[in-house]
Amino acid sequence: MKTLSLWIFGLLLIDPTGVLGLHHFPENFVTAKRDHSNSVTLTCNTNFDGPFTWKLAAKTVDEAEEIEDLNSTYKQVGKNLIVSDVDSPLLGEYSCWSGEERLSSTFLLVEAEEGDDFDSLMKCWAKSYDCTFSCNWTKGKYTAVRLGLGDDCSEGRKSCHWVNSSGQHLNGGFQFELSHSISPYAEESTMLVLTAEAIMNNNILRRTKRFYLRDIIQPESPQIINCQEVEQELNVTIDPTSDWSSPHSFFSLEHEIQYKLKDDGKEIKVIGSPSALIPKKISMLRVRSRDPLVLSNWSQWTPWKNVTY
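Keep in mind it's a predicted model, so treat the numbers as computed, not measured. (Residues numbered from 1 in each chain as written. Predicted model: local features only at pLDDT ≥ 70, side-chain atom pairs only at ≥ 80, totals over all residues. Heavy atoms only, no water.)

## Regarding the pairing of strand 3 (residues 40–43)
Covered by surrounding structure in strand 3 are V40 and L42 only, the residues T41 and T43 on the alternate face being uncovered. Relative to strand 7 (residues 80–83), strand 3 runs antiparallel, the two sharing four bridges. Counterpart to V40 in the pairing with strand 7 is V83. (Buried < 20%, exposed > 50% of the residue type's maximum accessible area, 1.4 Å probe, protein only. Helix = DSSP H or I, 4+ residues; strand = E, 2+ residues; numbered from the N terminus. Pairing = 2+ DSSP bridges.)

## Quick look at the state of the cysteines
Applying the stated criterion across every chain, the model contains three disulfides. Through a disulfide, C44 is tied to C96; the S-S separation comes to 2.0 Å. Handedness here is read from the sign of the S-S torsion; for C44 and C96, about 85 degrees, the answer is right-handed. Separated by 52 residues along the polypeptide, C44 in the loop between strand 3 and strand 4 (53–56) and C96 in strand 8 (residues 92–98) bring together distant segments of the chain. In this pair, the class of C44 matches that of C96, namely buried. (Disulfide = S-S within 2.5 Å.)

## Considerations on the packing of aromatic side chains
Counting across every chain of the model gives ten aromatic pairs. For the ring pair Y185 and F251, a centre distance of 5.6 Å and an interplane angle of 55 degrees mean the geometry is tilted. Of this pair, Y185 sits in the loop between strand 15 (174–179) and strand 16 (192–200) while F251 sits in the loop between strand 19 (233–239) and strand 20 (254–261), and the two are 66 residues apart along the sequence. Taking the relative accessible area as the measure of exposure, Y185 reaches 54% and is therefore exposed. Sitting over the ring of W97, K55 keeps its end group 4.7 Å from the ring centre. Sitting over the ring of F25, R146 keeps its end group 4.2 Å from the ring centre. (Phe/Tyr/Trp six-rings, centres within 6.5 Å; stacked < 30°, edge-to-face > 60°. Lys NZ or Arg CZ within 6 Å of the ring centre and 35° of its normal.)

## Topic: the side chain of Q258
Tracing the chain through its elements places Q258 in strand 20. A polar side-chain atom of Q258 sits 2.9 Å from a polar atom in the side chain of E267. For Q258, the side chain forms a polar contact with the side chain of R286, separated by 2.7 Å. Aside from chain neighbours lying at most four places away, what touches Q258 is E267, I268, K269, M284, L285, R286, W301 and W304. (Polar contact = N/O pair within 3.5 Å; in protein donor to acceptor, adjacent residues only side chain to side chain. Contact = heavy atoms within 4.5 Å.)

## Some words on the layout of surface pockets
Here the largest pocket is characterised by a volume of approximately 690 Å³. Around the largest pocket sit 31 residues that line it, and F29, T31, R146, G156 and E197 are the ones nearest its centre. Within the residue set of the lining of the largest pocket, elements represented by two or more residues are strand 2 (29–32), strand 3, strand 9 (101–111), helix 3 (151–154) and strand 17 (203–211). When its residues are assigned to classes, the lining of the largest pocket shows eleven nonpolar, seven polar and 13 charged. Built from parts of two domains, the lining of the largest pocket gets at least three residues from each of domain 1 (29–111) and domain 2 (118–215). (1 Å grid on protein atoms, 1.4 Å probe; cavity = no way out; pocket = protein on both sides within 12 Å on 5 of 7 lines; lining within 4 Å. Points joined across faces, edges and corners; volume = space filled by probe spheres on them. Nonpolar A, V, L, I, M, F, W, Y, C, P; charged D, E, K, R; others polar. Domains from an automatic or database assignment.)

See below:
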């Protein structure tokens, strides 16, 4: 029978994962239910067969205080440590040791409280029907976030391919680039299943959303190619950016032109694709685009362009 010895590092001190935060998802972690009703099992992943010691490295102090009588909270069964009535002081990184040798480690996390829904946490968009789309995680209080596509991720299977952020914004958010396998030429009948996991102070949040790619289409701002005089009017020619799906005869866009009249500064909007006739006596104009078949989100407006002739 192996001897269980658990070391707790100054439980009244501030946990550094709460101050600095986990900035990546640990290789091994176990999630406890929020209601404390279930026990969790941590495993020492090692081939070592001798006696070993469990430590909770949740605190960074040099001296550890050994606590002998923990039968009501901890129970060791072989290489497993069973933790009951999980609460905040019991969260953090558990490691198993043989003398001074660290054998393995596992983080014990707890489900985050219910609160933010998916749409308040993240915005996703696709600038074309090609094989990628982007997401911005907007809540800066989380220190590590990852996303996964498909049922493997929504059901928590080990085969899930998680995507980590391409970088953290100055406001604390995260940006992601994801790939999908939906054909741009076929009628879309399968929804994307996107799962997000985020860590904050040893709490883990998990949210899943299902949506069609067409629901997040938002083209990049188009290009104003030419403004040509046609008697008392201007013929404005507009092209999509190079990021938009091709051929453009199949992936058509409609463009909205906003212009200011030179006489009174009144602003007027008209729809045209790929060109439109507008009054000649204007001072400036700008354009934006969308997919008219699915009534996608409009692109951002181009900067105002002064019109001289």
